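# Residue-level structure breakdown
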Amino acid sequence: MFSAIARVFRTPDLRNKLLFTLGILAIYRVGVFIPTPGIDYSNVQQCLAMGETTGGLYSFVNLFSGGALLQVSIFAMGIMPYITAAIIVQLLRVVIPHFETLHKEGQAGQGKLTQYTRYLTIALALLQGTTLVTLARTGNLFPSCSLPLVPDDSLIVILLMIITLTAGTGLIMWMGELITERGIGNGMSILIFTSIASGFPASMGAILQTQGWLTFVGVIAIGLVIIGLVVFVEQSQRRVPVQYAKRTIGRRTVGGTSTYIPLKLNMANVIPVIFASSILALPQMIVQFNQNPDGTLPDWALWLQTHSSTSSPWYMLVYTLLTIGFTYFYVAITFNPVEVADNMKKYGGFIPGIRAGRPTAEYLQYVISRITFPGSLYLAFVALIPLIAFVLINADQSFPFGGTSIIIMVGVGLETVKQINAQMQQRNYEGLLR
């Protein structure tokens, strides 16, 4: 393994790409700790030291921003506006025919969709930045902390804070694209990986301090098992064989090859978990904004808070059902069996034993429905791991080995290794992994 890493750094082009990527990541991590103009950084640190945050959706966004959200830094929004914009544009392909047409136009159409995603990212960053500044100014970002986070809440200062947060998101998006173009690729994914991985030392340190060495070692052992499970499932495929008929073009005979359609067991990736987490965070936000002036809650808000707690069995049941439902929904949107069957028929391909056209589409739909069910159960199981850990060992909701974090980290890690391996094989017969 070390010899393979040495070969990477002995290849000048690949070495420059890796160093460029590491440089961008260093700039990104520095920006996490630069406070937004108008924020009292010392008061923010004191409120963070109290250990009470809003939880729910904002803790979820804080995970993806590498802790920048609750630091109220210039990168507080992180990459979440871009992720949300990319998901919205992908879903709009079903609603807006023009988007579907652009998707089918190849590289030019994809470039147009990317441009729309960038515009929507800035709009979402502006909206989310305004929300964050409002929470910080009113004190709702840290409800149990009475220290003023924004000492001067004049209009000019508020506008400067919103513009700074929006510009920070635009800068993160640009850095991600730089890594994609000039680095080792998958720029946005690597930034998310860095944000999540940066929280691992603090999470493991908190478990060590509160639970002791025995629990700490047990968590690491369980984490290795979970990582092995995630790697196994993420690499699992249902390969549907495809045969291409021979065709005679002039004096040449083309076709006659055999290949397969790789259908992943987890085709939805981590998107259903993000959808389910976002929806289940809304009740806590409703409770938060409906407190009485004396700090108490109405009866209906108290009932909602009790049943929407992450340790509640009802919460876990609804979380599981939403994850399974969103998995089927997202797979149905992103994979079109009719389109795949038509493309196969156009190029003379067929599945052995299945007629081309409609029977092929029905067969693909049957296979997708069969593999989506275990894939959705896998997502629900991994998503529930932090909640179960919270009940069993009183770990906080940033339990490192579970939920969206471990799926994203393993997926990005596998894809990055493939990228480096492919670039090494262009220059050597041996790749990164033997």
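Let me sum up the structure you'll find in this document. All figures in this text were calculated on a predicted structure; none of them were measured in a lab.

## What about the overall build of the chain?
- The helix and strand inventory of the chain stands at 18 helices and 5 strands.
- Within the chain, the fraction of its 434 residues that count as buried is 43%.
- For the chain, the share of sequence-separated contacts (at least 6 apart) that also reach a separation of at least 24 residues comes to 69%.
- Counting only carbon and sulfur atoms, one obtains 64% of the accessible surface of the chain, whose full area is about 22,300 Å².

## Regarding the sheet that holds strand S5 (residues 349–350)
- Strand order in the open sheet formed by 3 strands is S4-S1-S5, with antiparallel pairing between adjacent strands. Every other strand in the sheet has two partners, leaving strand S4 (258–264) and S5 as the edge strands with one partner each.
- Where strand S1 (residues 237–244) lies against S4, 7 bridges are found, and the strand directions are antiparallel. Counted as the bridge partner of Arg-239 is Pro-262 from S4.

## Quick word on the packing of aromatic side chains
- With the rule as written, the count across this model stands at 4 aromatic pairs.
- The interplanar angle of 20 degrees and the centroid separation of 5.9 Å between the aromatic rings of Tyr-28 and Phe-75 together place this pair among those described as stacked. Pair noted here: Tyr-28 is in helix H2 (residues 12–32) and Phe-75 is in the loop between helix H5 (68–71) and helix H6 (80–95), with a separation of 47 residues, a long-range link.
- Judged by its relative accessible area of 2%, Phe-75 falls in the buried class.

## Some thoughts on the packing of helix H11 (residues 200–211) against helix H12 (residues 213–235)
- As a packed pair, H11 and H12 sit with axes 7 Å apart at the nearest point and diverge in direction by 145 degrees. Mapping the contact onto sequence places Met-204, Ile-207, Leu-208 and Gln-211 in H11 and Trp-213, Thr-215, Phe-216, Val-219 and Ile-220 in H12.
- Here the residues of the contact of H11 with H12 are counted per class, giving 7 nonpolar, 2 polar and no charged.

## Description of the pairing of S1
- Of the pairings in the sheet, the one linking S1 to S5 comprises 2 bridges and is antiparallel in character. Bridging from a neighbouring strand, Gln-243 pairs with Phe-350 of S5.

## Some remarks on the nonpolar core
- Counting residues in hydrophobic clusters, the biggest one holds 68 residues, and the most contacted among them are Leu-263 and Tyr-319.
- Per-element accounting of this core gives the leading share, 11 residues, to helix H17 (residues 358–393).
- Residue contacts for Leu-263: discarding those within four places in its chain leaves Ser-236, Gln-237, Arg-238, Val-240, Phe-335, Val-367, Ile-368 and Ile-371.
- Listed in part, the 22 residues of the second largest apolar core include Ile-39, Leu-132, Leu-135 and Phe-142.

## Let's talk about the side chain of Ser-376
- Relative to the assigned elements, Ser-376 resides in helix H17.
- Reaching out from Ser-376, the side chain makes a polar contact with the backbone oxygen of Phe-373 at a distance of 2.7 Å.
- Among all residues touching Ser-376, those that are not within four sequence positions of it are Thr-323, Ile-324, Thr-327 and Tyr-328.

## Re H6
- For H6, built from 16 residues, the straight-helix expectation of 22 Å at 1.5 Å per residue is met to within 8% by its first-to-last C-alpha distance of 23 Å.
- Those residues of H6 that fall on the buried side of the exposure criterion are Met-80, Pro-81, Tyr-82, Ile-83, Ala-85, Ile-87, Val-89 and Arg-93.

## Quick word on unusual backbone geometry
- Even without being a glycine, Asn-269 presents a positive backbone phi close to 55 degrees.
- By the element assignment, Asn-269 lies in the loop between S4 and helix H13 (271–288).
- Overall, Asn-269 belongs to the partly exposed group, its relative accessible area being 39%.

## So, the pattern of salt bridges
- Across all of its chains, the model carries 4 salt bridges by this definition.
- Put simply, Lys-264 and Glu-234 hold a salt bridge, and the shortest N to O gap is 3.7 Å. Placement of the pair is Lys-264 in strand S4 and Glu-234 in helix H12, with a sequence separation of 30 residues.
- In this structure, Arg-358 engages Glu-362 in a salt bridge whose closest nitrogen and oxygen atoms are separated by 3.1 Å. Taken together, the residues span about one helical turn, with Arg-358 and Glu-362 both in helix H17 at a distance of 4 residues.

## Side note on helix H15 (residues 313–334)
- For H15, built from 22 residues, the straight-helix expectation of 32 Å at 1.5 Å per residue is met to within 8% by its first-to-last C-alpha distance of 32 Å.
- Looking at H15, one finds that the buried residues are Tyr-315, Met-316, Tyr-319, Thr-320, Thr-323, Ile-324, Phe-326, Thr-327, Tyr-330, Val-331 and Ile-333.

## Re the side chain of Thr-117
- Along the polypeptide, Thr-117 turns up in helix H8 (residues 107–138).
- For Thr-117, the side chain forms a polar contact with the main-chain oxygen of Leu-113, separated by 2.8 Å.
- When residues no more than four places from it in sequence are discounted, the contact partners of Thr-117 are Tyr-82, Ala-85, Ala-86 and Val-89.

## Things to note about the packing of H2 against helix H10 (residues 187–197)
- The contact between H2 and H10 brings their axes to 11 Å, and the two run at 50 degrees. With respect to H10, the element H2 is oriented oblique. In this structure, H2 crosses over H10, and the sense of that crossing is right-handed. Across the interface between the two elements, Leu-25, Tyr-28 and Arg-29 of H2 pack against Ile-190, Leu-191, Thr-194 and Ser-195 of H10.
- Split into classes, the residues belonging to the contact of H2 with H10 amount to 4 nonpolar, 2 polar and 1 charged.

## With respect to a nonpolar patch on the surface
- Side chains of Ile-5, Phe-9, Leu-19 and Leu-22 sit close together on the surface and give an oily, nonpolar patch of about 350 Å² of accessible area.
- The residue Leu-22 is located in helix H2 in this model.

## Comments concerning the environment of Ala-268
- For Ala-268, the position within the fold is in the loop between S4 and H13.
- Separated by 58 residues in the primary sequence, Ala-268 and Phe-326 place their C-alpha atoms 8.7 Å from one another.

What counts as what
Residues numbered from 1 in each chain as written. Predicted model: local features only at pLDDT ≥ 70, side-chain atom pairs only at ≥ 80, totals over all residues. Heavy atoms only, no water. Helix = DSSP H or I, 4+ residues; strand = E, 2+ residues; numbered from the N terminus. Buried < 20%, exposed > 50% of the residue type's maximum accessible area, 1.4 Å probe, protein only. Contact = heavy atoms within 4.5 Å. Areas by Shrake-Rupley, 256 points an atom, 1.4 Å probe, with all protein chains shown as cover. Pairing = 2+ DSSP bridges. Phe/Tyr/Trp six-rings, centres within 6.5 Å; stacked < 30°, edge-to-face > 60°. Axes fitted to C-alpha atoms, helices over the stretch in contact; angles between N-to-C directions. Nonpolar A, V, L, I, M, F, W, Y, C, P; charged D, E, K, R; others polar. Core = buried A, V, L, I, M, F, W, Y, C linked by side-chain atoms within 4.5 Å. Polar contact = N/O pair within 3.5 Å; in protein donor to acceptor, adjacent residues only side chain to side chain. Expected span 1.5 Å × (residues − 1). Salt bridge = Lys/Arg side-chain N within 4 Å of Asp/Glu carboxyl O. Parallel < 35°, antiparallel > 145°, perpendicular 65-115°, else oblique. Left-handed = near helix turned anticlockwise from the far one by under 90°. Patch = residues over 30% accessible without salt bridge, like charges linked within 9 Å, V, L, I, M, F, W, Y side chains within 5 Å.

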